[in-house]
Amino acid sequence: MVDKKKISLNVNGVTYDREIEPRTLLSDFIRHHLDLTGTHVGCEHGICGSCTILMDGLPVRSCLTFALQAEGKAIETVESLDTNGELSPLQNAFWENQGLQCGFCTPGILMSMKAFLKHNPKPNRDEIREALSGNLCRCTGYHDIVDSVVAAAEAAISSGTAKA
Amino acid sequence: MKPANFEYFRATSLDHACELLRAHGDDAKILAGGQSLIAAMNYRLARPQFLIDISNIDSPSEITDESDGVRIKATTTQAIAEHDPVVRRRLPVLANALEHIAHFQIRNKGTVGGSIVNADPASELPAMSLLLDAEFEIQSASDKQVMAAEDFFITYMTTALQSDEVLISILFKAPPENSGWGLHEVARRAGDFALVGSAAIIALDDGGKCSFARVVLFGVASTPVRATEVEDALLGQSCSDALFAEAAKKVSEVVDAESDVHVTDEYRGNVAEVLTVRALADALSRAQAAS
């Protein structure tokens, strides 16, 4: 039996103190220990992208990260996007353009696109498709997702803010 | 929880990691970006008893412009190397290869050194190590050594690195002045491991003849391989499409892949030849533009 380790993690601006087995994946920690179930777990080997979260602002696979590795980092999950129930411009663009069907892949896509639009605020459709290639969606054929990202970029530009 | 249990140690530096490795030896694994290791642990293909985490050491990313090339600290993430201005200026083929590794989410955590010591024969960085005559700085608790890339890769996922040794940094040598490069790979989907890849560097002398040629293939054998017979067929010759087509036939000397669930060995051989012609053509046009 391996001893549990104390861990202190900053997730969405809140510091959580827990005791976990070292093998606890960040994805499982977020879902099972913090009850933040917006982060979805699909393939658990880094391919599908559903579990993508931001670590110090960069999108990474939470299923390919041990929770202990995230100590000292700022973690952001999909629950950080809205403001008191009001959708962020990025979320709203997905709502308006039907950028999802079942929604399973959506949290990972939103977190990937949040970082992508910050890095590239005026992307063309090819760049968006390339950026989406690390997130699998089996419902939509991606067309409406690309539309949603285009709309999010335009909304951010017209509102004079790069914030997605 | 998918991975088997292990005992976790957080190294504060690569020196500290060497000490921890000496203490725990064969049952310990170094955890850097974890983008291959944690996937293997989730499958329980890997069940290390001890993990030594080097992902939170002080100043993990260091890229140094040196006279004969660019030195990259092993723990530097692939994303940082990919966007680094020194890498992009002096080693554009390496910058391009980095863009082919999986997806940007993976490159944000995956490390340059981690991909090299993982030694997947279909991955880009071991091939780039051969292409760019890389020197590996290797350290244990009691010893330091420098090893050439050509001596490092033994077979599938197996290197000359001993169980108490850590890869510290990689010196990728800059190719000759006025050279050009080409890199092509075929994968089933964007971001997948290459089924076959081919990379080339060519330089021309004042008379327009080939004065330097380097060709490396990946995904075609148990390690990345230099196609020296292709290189020999180019040296001293006037480059042309016809010469490249003839020289590329010699890739069959190094293609040693068995058929697998993805493709047949015959397909791999054909694609290796075609991609080598394309890589050489790109290298030539870049060399002509540079000189």
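Along the chain, Thr276 of chain B falls in helix H11 (residues 265-290). With residues up to four places along the chain from it excluded, the contact list for Thr276 of chain B reads Ser198, Val215, Leu217, Val230, Ala248 and Val251 of chain B.

Okay, the interface of chain B and chain A next. Taken together, the contacts link 31 residues of chain B with 30 residues of chain A. In this structure, Arg10 of chain B engages Glu71 of chain A in a salt bridge whose closest nitrogen and oxygen atoms are separated by 3.1 Å. Put simply, the parts of the chain that give the side of chain B that touches chain A at least two residues each are strand S1 (7-10), helix H2 (37-42), strand S3 (50-53) and helix H6 (104-107) of chain B. A total of four residues in the side of chain B that touches chain A trace back to one element, the largest contributor, which is H2 of chain B. Of the residues in the side of chain B that touches chain A, the class split is 15 nonpolar, 10 polar and six charged.

Before going further, it helps to examine the pairing of strand S3 (residues 52-55) of chain A. Residues and elements named next belong to chain A. Side chains Thr52 and Leu54 project from S3 onto one buried face, and the interleaved Ile53 and Met55 project onto a second face that is buried too. In this structure, S3 lies alongside strand S4 (residues 58-61), joined through four bridges in antiparallel fashion. Bridge assignment links Ile53 to a residue of S4, and that residue is Val60. Bridge count between S3 and strand S5 (residues 74-76): two bridges; the pairing is antiparallel. In the strand pairing of S5, Leu54 is matched with Glu76.

Residues and elements named next belong to chain A. Split into domains, chain A comes out as domain 1 (5-80) and domain 2 (89-158). The straight-line distance from the C-alpha centre of domain 1 to that of domain 2 is 22 Å. Listed as interface residues are 18 residues of domain 1 and, on the opposing side, 14 residues of domain 2. Roughly 1100 Å² is buried in total at the junction of domain 1 and domain 2, and carbon and sulfur atoms are behind 61% of that figure. For the domain 1 face of the interface with domain 2, the top three residues by lost area are His40, Ser50 and Val78, together amounting to 36%. On inspection of domain 1 and its partner domain 2, the count reaches one salt bridge.

To continue, consider the sheet that holds strand S13 (residues 210-218) of chain B. All names here are of chain B. Read across the sheet, four strands follow the order S11-S12-S13-S14 without closing on themselves; strand pairing throughout is antiparallel. The two strands at the open ends of the sheet, each matched to only one other strand, are strand S11 (180-186) and strand S14 (225-226). Bridge count for S13 against S14 is two bridges, and the pairing is antiparallel. Across the sheet, the residue bridging to Leu217 is Val225, located in S14.

Definitions and limits used
- Residues numbered from 1 in each chain as written.
- Chains lettered and ligands numbered in written order.
- Predicted model: local features only at pLDDT ≥ 70, side-chain atom pairs only at ≥ 80, totals over all residues.
- Heavy atoms only, no water.
- Helix = DSSP H or I, 4+ residues; strand = E, 2+ residues; numbered from the N terminus.
- Contact = heavy atoms within 4.5 Å.
- Salt bridge = Lys/Arg side-chain N within 4 Å of Asp/Glu carboxyl O.
- Nonpolar A, V, L, I, M, F, W, Y, C, P; charged D, E, K, R; others polar.
- Buried < 20%, exposed > 50% of the residue type's maximum accessible area, 1.4 Å probe, protein only.
- Pairing = 2+ DSSP bridges.
- Domains from an automatic or database assignment.
- Buried area = accessible area lost by both parts, 1.4 Å probe.

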